[in-house]
Each structure stands twice: as C-alpha cells, then as structure tokens.
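Examination of the molecular architecture
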Amino acid sequence: LFRGIRLVQCPTTFLNAHDAAASSQKQAINHCGYKNIVGLYHTPSMALVDTSFYSTLGATELKAGLGELSKNAALFGGVHYELIQRTTMMKGWRLSGEELLDATLVGLGAKDMLLKKDPREKHLALLFEYGHTIGHALELTNGVSTSHGEGVAVGMLAASFIANKMGIMSDTDRSDHDAIVVALDPEIFFPDRDIIDEVLEKVCHDNKRGYISERDGFCPFILCKRIGEMHAPNEFYLEYVPVELVREAIIYVVTRMSKIAPKAVASIADDTIEVPKRPRRVSSPETVTDIILSNFQSCK
C-alpha cells in the first residue's frame, strides 16, 4: 500500500473523522469476507478534519459515528459516557454542529489516549475492538445491511449478553450498558433466511485470533464489567468464550433487533445537520497535532 507516498487523510464522514483518519495508523482493506485483513501501518503526514462535511451526512452516517462513540462510553466512562448522556440519551442522533464538533474532539481524545501507548494496536488498544467481534461478523454477512458503527452497537448488546451469562457483568450493569445502545437506536436489516451459522463462522475467523493461544471450542472476546471498567483476564483483555455461548448471543441479537420494525428512510434533506457557519478544522490535541506540526513543512 502507498509505496512510500506521503499520505494525507481528509475524512468526509463523522465516523472516519474521529475514529480512523486522524488517529489510527492502520491502513487496511477487507478481503475474502473478513474485516481489515490485508494492509499495513502507515502514519499520515497530515490529517485534516473539516466539520463542514458533516452537513452532507444523513442519519445512517451520523449513527455510524455515534456508534463508535457509544462504544467508547462503555469502555472508558467519564467524559465519554457524559457525552452520550447529554446527546443520544437525551435527543437521539440529531446533534447540532457544535455538539458534533465536541463529539469529534472527545472521540479523538479516546483514540490518542491508548494509541500513544500502543500505536499498532497489539495489546492495550485492542480494547477498541469491543463490540466488533459479532458486529463485524454481522456487517460482513451476505444480505445484512447496517453501518459499521451501528453494527458495533449491536455487537455491544451481544458482548453484554455474553458477559452477563459468564458472571462478568451484573444484571444492573448490563441494563445501564444496554441503555447506551437503545438510545442510539441502531438500524440493522436481516435477510429472510437463517444467518446464524454464517455469522458464527465469521466470528470464529475474527482478526483478534492469535493474540492468545487457541482453544478448541472457544472464541476470544473483549468484554466489559460495567460502564468504564473492562474485564482484564490478561494483557490483551481477551476472554475465552465458549462457541455455544457465542451462538446464543448471535441468536439473541438477531432476534432482538428483528423485532424492531424498520423505519422509513428519511430524505437527505430531512436528515442533515446544520453546522457552524464558519467551518472549523479540528485535530486531536496531542498525538495527531504533533504529527501535523512536525510534517507540515514537508507536505507543502
């Protein structure tokens, strides 16, 4: 990838702005039905985040970005949970321009907090994979339609189901955790056929395998104990989950989300957000800023 060419990231979606382009070194593509399986680590020379692009986005794209921020709320609590409490948990996905700007900065802060210590996402930053194991599998299953962030949110419901069944998360903590997802109201549409085995097969080939030793009949999962506290059985935060329990979790979320009646897709005109009149370019206050400043002259 890139053959040594300098890379400048200019994200045009809310999700990419706070979750990938301006923070992550991972540059990868999906292949053979699996997520982010081919690629490399390549630090951008510059990352430009212009919030005026948000005015072109509809509900699906905004929910995609809010899905990853909802995951951060469960992971870290604190300001990340407070962001969700005052936005989606109060008003749904329709955030103002200033709220989206604030959310972008909070999201960048979450990524930089861990990527400074683990830039290649090999141990501590694996936490960002929370909700992704079943979320990715659903997203890549033929006939399933959802955005990445909404798929992750649905994956969070599966993760809390597993954690609760394994005695890692209490009923009360699970209720608080799942309220984050319910507030987002993620949309996911399933084909008119049984997809459980296909989703399970993709989970069993998830890209988090290999960090801990393989165990027959088990899949590695990132799990949460409660909002702001992750289950930490080892340095990789990966727990062995029985395949049959994974199957139960997939059945649970597919059944639960299938009961939610599909909503009519609103027009782009109805779903767009008004942003501040003067577009503002933002970057993370730490790592990303350092990259931009140190490389700016060479990019002229």
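Above this note sits the structure.
Predicted model, so just to flag it, every value in this text is computed and none were measured.

A tally of regular secondary structure across the protein chain gives 12 helices and 10 strands. Buried positions account for 52% of the 300 residues belonging to the protein chain. Sequence separation of 24 or more characterises 76% of the internal contacts of the protein chain that already satisfy a separation of 6 or more. Entry remark: accessible area of the protein chain is about 13600 Å², with carbon and sulfur atoms responsible for 52%.

What follows concerns helix 10 (residues 243-258). Over its 16 residues, helix 10 runs 22 Å from end to end, which matches the ideal 22 Å to within 8%, given 1.5 Å per residue. For helix 10, the full list of buried residues reads Val243, Leu245, Val246, Ala249, Ile250, Val253, Val254 and Met257. Where helix 10 is buried, its residues meet helix 6 (132-140), helix 7 (148-165), helix 9 (196-203), strand 6 (218-222) and strand 9 (238-242).

Attention now moves to a nonpolar patch on the surface. On the surface, a nonpolar cluster with roughly 250 Å² of combined accessible area is contributed by Ile29, Ile37 and Val38. For Ile29, the location among the structural elements is in strand 2 (residues 26-31).

On to the side chain of Glu239. Inspection of the secondary structure assignment puts Glu239 in strand 9. Comment: no salt bridge for buried Glu239; closest opposite-charge side chain is Arg215, at 5.9 Å. A distance of 2.6 Å separates the side chain of Glu239 from the side chain of His231, its partner in a polar contact. In contact with Glu239, not counting residues within four places along its chain, are Met166, Cys219, Pro220, Phe221, Leu223, His231 and Pro233.

So, about the packing of aromatic side chains. The final tally for this structure, using the stated rule, is five aromatic pairs. On the basis of an interplanar angle of 85° and a centroid distance of 6.3 Å, the ring pair of Phe218 and Tyr240 is categorised as edge-to-face. Here Tyr240 lies in strand 9 and Phe218 lies in strand 6, a separation of 22 residues in the sequence.

For the rest of this paragraph, the subject is the packing of helix 6 against helix 7. Two elements in contact, helix 6 and helix 7, have axes whose closest approach is 7 Å; the angle formed by their N-to-C orientations is 130°. Considering the angle they form, helix 6 stands oblique to helix 7. Along this stretch, helix 6 crosses helix 7, giving a crossing that reads as right-handed. Residues His132, Ile134, Gly135, His136, Leu138 and Glu139 of helix 6 form the contact with helix 7, whose participating residues are His148, Gly151, Val152, Val154, Gly155 and Ala158. The residue inventory of the contact of helix 6 with helix 7, partitioned by class, reads five nonpolar, six polar and one charged.

We now examine the side chain of Asp19. Considering the arrangement of structural elements, one finds Asp19 in helix 1 (residues 14-19). Residues in contact with Asp19, not counting those within four places in the same chain, are Glu68, Lys71 and Lys111.

For a regular strand, side chains alternate in direction, first toward one face of the sheet and then toward the other. Within strand 6, four of the five residues are buried, which leaves the element mostly enclosed by the surrounding structure. In the sheet, strand 6 pairs with strand 9 via five bridges, with the strands oriented antiparallel. Of the residues in strand 9, the one forming a bridge with Cys219 is Val241.

A few words now on the pattern of salt bridges. Applying the stated rule across the entire model yields 12 salt bridges. Here Glu68 and Lys71 are joined by a salt bridge, their closest N and O atoms 2.7 Å apart. With Glu68 and Lys71 both in helix 2 (residues 59-76), this residue pair falls three residues apart, about one helical turn. Like Glu68, the residue Lys71 is buried in the burial classification. The salt bridge involving Glu99 is made with Lys91; its shortest N-O contact spans 2.8 Å. A cluster of three or more residues bridged by salt bridges with shared partners is formed by Asp173, Lys225, Arg226 and Glu229.

Mapped onto the fold, Val106 is located in helix 5 (residues 97-115). Residue classification places Val106 among the buried positions, given a relative accessible area of 15%. Through-space distance from the C-alpha of Val106 to that of Leu83 is 8.0 Å; in sequence the pair is 23 residues apart. The residues contacting Val106, other than those within four sequence positions of it, are Val79, His80 and Leu83.

Bringing helix 9 into the picture now. Along helix 9, the residues that are buried comprise Ile196, Val199, Leu200, Lys202 and Val203. Looking down the long axis of helix 9, one finds its buried residues gathered within 160° of arc, a one-sided arrangement.

What follows deals with the environment of Ala47. Among the secondary structure elements, Ala47 is positioned in strand 4 (residues 46-47). You can call Ala47 buried: its relative accessible area is 6%. With 37 residues separating them in the primary sequence, Ala47 and Cys10 have C-alpha atoms 6.0 Å apart.

Cut-off values and rules
- Residues numbered from 1 in each chain as written.
- Predicted model: local features only at pLDDT ≥ 70, side-chain atom pairs only at ≥ 80, totals over all residues.
- Heavy atoms only, no water.
- Helix = DSSP H or I, 4+ residues; strand = E, 2+ residues; numbered from the N terminus.
- Buried < 20%, exposed > 50% of the residue type's maximum accessible area, 1.4 Å probe, protein only.
- Contact = heavy atoms within 4.5 Å.
- Areas by Shrake-Rupley, 256 points an atom, 1.4 Å probe, with all protein chains shown as cover.
- Expected span 1.5 Å × (residues − 1).
- Patch = residues over 30% accessible without salt bridge, like charges linked within 9 Å, V, L, I, M, F, W, Y side chains within 5 Å.
- Salt bridge = Lys/Arg side-chain N within 4 Å of Asp/Glu carboxyl O.
- Lys, Arg positive; Asp, Glu negative; His and termini not counted.
- Polar contact = N/O pair within 3.5 Å; in protein donor to acceptor, adjacent residues only side chain to side chain.
- Phe/Tyr/Trp six-rings, centres within 6.5 Å; stacked < 30°, edge-to-face > 60°.
- Axes fitted to C-alpha atoms, helices over the stretch in contact; angles between N-to-C directions.
- Parallel < 35°, antiparallel > 145°, perpendicular 65-115°, else oblique.
- Left-handed = near helix turned anticlockwise from the far one by under 90°.
- Nonpolar A, V, L, I, M, F, W, Y, C, P; charged D, E, K, R; others polar.
- Pairing = 2+ DSSP bridges.
- Arc of directions from axis to C-beta.

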